[in-house]
Amino acid sequence: MPKKINIIGSGFSSLAASCYLAQAGYDVEVFEKNDTVGGRARQLKRDGFTFDIGPTWYWMPDVFERFFSDFGKSASDYFQLNKLDPAYEVYFGKDDSVIIPGSLQEIYETFEEVEKGSSEKLKKFIEKARDNYNIAIKDLVYRPGVSPMELVTTATATRLGRFFTNISGDVRKEFSNEKLRQILEFPVLFLGAKPSDTPAFYSFMNYADFGLGTWHPHGGMYKVIEGITDLAESLGVKFHLNANVEAITTEDRAAKALKIDGKLYPADIILSGADYHHTETLLPEFDRQYSEKYWKKKTFAPSSLLFYVGFDKKLKNVSHHTLFFDSSFKDHAKAIYDEAAWPEDPLFYASFPSKTDDTVAPEGMEAGIFLIPLAPDLEDTDEIRERYFNMIIERFQALTGQEIKGNIIFKESFCVKDFKEAYNSYKGNAYGMANTLFQTAFLRPKIRSKKVEKLYFTGQLTVPGPGVPPSLISGKLAAGLIQQNEQN
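Just so it is clear, the structure is predicted and the values come from calculations on it, not from any experiment. (Residues numbered from 1 in each chain as written. Predicted model: local features only at pLDDT ≥ 70, side-chain atom pairs only at ≥ 80, totals over all residues. Heavy atoms only, no water.)

Quick word on helix H8 (residues 178–185)
Thought 1: The buried count for H8 comes to six of eight residues, which makes it a mostly enclosed element.
Thought 2: Within H8, the full set of buried residues consists of Leu180, Arg181, Gln182, Ile183, Leu184 and Glu185.
Thought 3: A distance of 2.9 Å separates the backbone nitrogen of Lys179 from a side-chain oxygen at the start of H8, and that oxygen is part of Asn177. (Buried < 20%, exposed > 50% of the residue type's maximum accessible area, 1.4 Å probe, protein only. Helix = DSSP H or I, 4+ residues; strand = E, 2+ residues; numbered from the N terminus. Polar contact = N/O pair within 3.5 Å; in protein donor to acceptor, adjacent residues only side chain to side chain.)

Below you can see the structure in the form of structure tokens.
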């Protein structure tokens, strides 16, 4: 009789793990507290508009293909993928933006237009970033963080300096134009830390950006969730929605069951893709690996203030992905990481998927998603949200030369307290634990519990880290460790 595995949560990491475990012959059931699968990658539908509530960027298409190929499938079996050109646009002031094209050669030309001689420097920078990508994404991140020796390879031994210098230092040493510097520093924000605190080795994100490009699944990122869910169900995985786990019961220091609405759901093994900190609060205190003091000392990736806005007209002078860097990058980062305060003059990001996807908004209208990165655990009130919405919309209008306030049909917001309520997210963080030097690989919270037998973790607070592709990989790593350790 196959062993029973209960999985908490249905985000990317849980879904990936469920597929690998079902493929390996386990009896897998997934328990999701919300009314749809997807975890943070849920969907909002309203008045003919469709919004991705969570991730909106599709990077590292090779990681997705590697996942699907493990099951004899391709991404194209589940969704239509389109490469964006332009990939994105960055505003630095009124009538002052840099458009990042969809091809690497055109990006070199764009850099050269901004700063003479920078294209040759960028070629060398991207060559090194590609080298890092081949080491990291094709090898190191597929190691489970069990031992520091996982990082010791011939390739890493000759590149130790890249772990002890930082992205910001490398970029600023080569490029003098501040716009180009910020464009090159931007991708590591997906890793959850300041560029000055992110090891130079993580320049592989620049290769993911420029070398592999930015893509969009037709219909939105939720199409990826639907695709993986379809794959999981075809492998025999069962899903339970509106199933909020109240406790993990243990016996003789081994996980035995999930408690939901007072009922016990026994299992041979339990895997949690829910927030790691929250999952441990479901255990008796003596069974928890990490103390509150431990969590408080960790550097967490930002939270976010998000707005989902329906416009009754098409907007101009913006791309599918548009970044607004017209205020101080340094001051905003300081507010997030050093002061834990609301930024006075925030940078923000806007996504208009209806620019390239006619399924997400009614004809002649525009779907807009606006995001302000924030420190976790900030005070979150309706008044604060409204003030910041007005602040960024005023700037948006001035920078793009158009009036849009009167064209808003509706708006909905999502912020710190929503991350806590919807996802049990520690301090309301949006992206997990940052990938700083001392929070990388084996230095992250472990996939396998050190205190409770038969209990495992997956997701962005464990190995390898934040982001959608790493979450897919995390699911594979957790499934692999379970198969390795629970054969008897």
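With respect to the environment of Thr400
Thought 1: Turning to its location among the elements, Thr400 is positioned in helix H14 (residues 382–400).
Thought 2: Given a relative accessible area of 3%, Thr400 falls into the buried group.
Thought 3: Between the C-alpha atoms of Thr400 and Lys316, which are 84 residues apart in sequence, the distance is 7.4 Å.

Some words on the pairing of strand E10 (residues 245–251)
Thought 1: With six bridges connecting them, E10 and strand E11 (residues 254–260) associate as antiparallel partners. Its bridge partner being in E11, Ala247 is matched across the sheet by Lys259.
Thought 2: The hairpin formed by E10 and E11 contains two residues between the paired strands, and Asp252 there has a positive phi angle of roughly 55°. (Pairing = 2+ DSSP bridges.)

With respect to the packing of aromatic side chains
Thought 1: For the coordinates displayed, the defined rule picks out 49 aromatic pairs.
Thought 2: Taking 6.2 Å as the distance between ring centres and 10° as the angle between the ring planes, the aromatic pair formed by Phe49 and Phe51 counts as stacked.
Thought 3: Following the ring pairs from residue to residue traces out a cluster consisting of Tyr20, Tyr58, Phe64, Phe67, Phe68, Phe71, Tyr78 and Phe79. (Phe/Tyr/Trp six-rings, centres within 6.5 Å; stacked < 30°, edge-to-face > 60°.)

Things to note about the sheet that holds strand E9 (residues 238–240)
Thought 1: Read from one edge to the other, the open sheet built from five strands follows the order E9-E2-E1-E13-E19, with strand pairing classed as parallel. This sheet does not close on itself; its edge strands, each paired only once, are E9 and strand E19 (455–457). Direction aside, neighbouring strands of the sheet carry axes that sit 20° apart on average.
Thought 2: When strand E1 (residues 4–8) meets strand E2 (residues 27–31), the two strands line up parallel, connected through five bridges. From the neighbouring strand, Lys4 faces E2, where its bridge partner is Asp27.
Thought 3: Strand contacts of helix H1 (residues 12–23): E1, E2, E9 and strand E13 (269–272), with the helix running at about 170° to E1, the strand carrying the most contacts. (Axes fitted to C-alpha atoms, helices over the stretch in contact; angles between N-to-C directions. Contact = heavy atoms within 4.5 Å.)

A look at the pattern of salt bridges
Thought 1: This model, assessed by the stated rule, comprises 26 salt bridges.
Thought 2: We note a salt bridge from Lys355 to Glu366, for which the minimum N-O separation is 3.3 Å. Here Lys355 is found in the loop between strand E16 (348–351) and strand E17 (366–374), whereas its partner Glu366 is found in strand E17, with eleven residues between them in sequence.
Thought 3: Given the relative accessible area of 31%, Lys355 is considered partly exposed.
Thought 4: The class for Glu366 is buried, based on a relative accessible area of 0%.
Thought 5: Here the salt bridges do not stand alone but share partners, grouping Arg172, Glu178, Arg181 and Glu185 into one network. (Salt bridge = Lys/Arg side-chain N within 4 Å of Asp/Glu carboxyl O.)

Here we look at unusual backbone geometry
Thought 1: Residue Asp85 is joined to Pro86 through a cis peptide bond whose omega torsion reads 10°.
Thought 2: By secondary structure assignment, the location of Pro86 is in the loop between strand E5 (81–83) and strand E6 (88–93).
Thought 3: Cis rather than trans, the peptide bond between Val463 and Pro464 has omega equal to 0°.
Thought 4: Along the polypeptide, Pro464 turns up in the loop between E19 and helix H16 (468–485).
Thought 5: In this structure, Asp47 is a non-glycine residue whose phi angle is positive, near 50°.
Thought 6: Mapped onto the elements, Asp47 comes out in the loop between strand E3 (43–46) and strand E4 (49–52).
Thought 7: One non-glycine residue with positive phi stands out, namely Lys454, at about 70°.
Thought 8: Its location among the elements puts Lys454 in the loop between helix H15 (416–423) and E19.

Points about the sheet that holds strand E15 (residues 321–324)
Thought 1: Spatially, the seven strands line up as an open sheet ordered E7-E6-E15-E16-E17-E14-E18, and their pairing is mixed. A single partner strand is all that each edge strand has here, and the edge strands are strand E7 (96–100) and strand E18 (408–414). Taken over all neighbouring pairs, the strand axes of this sheet differ in orientation by 20° on average, direction set aside.
Thought 2: As judged from the nine bridges shared by strand E14 (residues 303–311) and E17, these two strands associate in the antiparallel manner. Opposite Phe307, over in E17, you have Phe370 as the bridge partner.
Thought 3: Packing of H14 onto the sheet brings it into contact with E6, E14, E15, E16, E17 and E18, and relative to E14 it is tilted by some 60°.

Examining the environment of Leu306
Thought 1: Relative to the helices and strands, Leu306 resides in strand E14.
Thought 2: Considered as a pair, Leu306 and Phe389 are 83 residues apart in the sequence and their alpha carbons are 9.1 Å apart.
Thought 3: When sequence neighbours within four positions are dropped, the list of residues in contact with Leu306 reads Ile53, Ile369, Phe370, Leu371, Glu412, Ser413, Phe414 and Phe419.

Looking at the environment of Gly432
Thought 1: Inspection of the secondary structure puts Gly432 in the loop between H15 and E19.
Thought 2: Of the residues examined, Gly432 reaches a relative accessible area of 0% and is grouped as buried.

Section: the side chain of Thr462
Thought 1: Along the polypeptide, Thr462 turns up in the loop between E19 and H16.
Thought 2: On the basis of relative accessibility, which here comes to 0%, the residue Thr462 falls in the buried class.
Thought 3: The residues touching Thr462, leaving out its near neighbours within four places in the chain, are Tyr276, Arg444, Pro445, Lys446, Ile447, Phe457 and Ser474.

Section: the packing of helix H7 (residues 167–174) against H8
Thought 1: At a minimum axis separation of 10 Å, H7 and H8 run at an interaxial angle of 150°. Judged by the inter-axis angle, H7 sits roughly antiparallel to H8. For the pair H7 and H8, the crossing hand works out as right-handed. Side by side, H7 and H8 meet where Ser168, Val171 and Arg172 of the first sit next to Glu178, Arg181, Leu184 and Glu185 of the second.
Thought 2: Grouping the constituent residues of the contact of H7 with H8 by class yields two nonpolar, one polar and four charged. (Parallel < 35°, antiparallel > 145°, perpendicular 65-115°, else oblique. Left-handed = near helix turned anticlockwise from the far one by under 90°. Nonpolar A, V, L, I, M, F, W, Y, C, P; charged D, E, K, R; others polar.)

As far as function goes, none of this settles anything; it's purely spatial.
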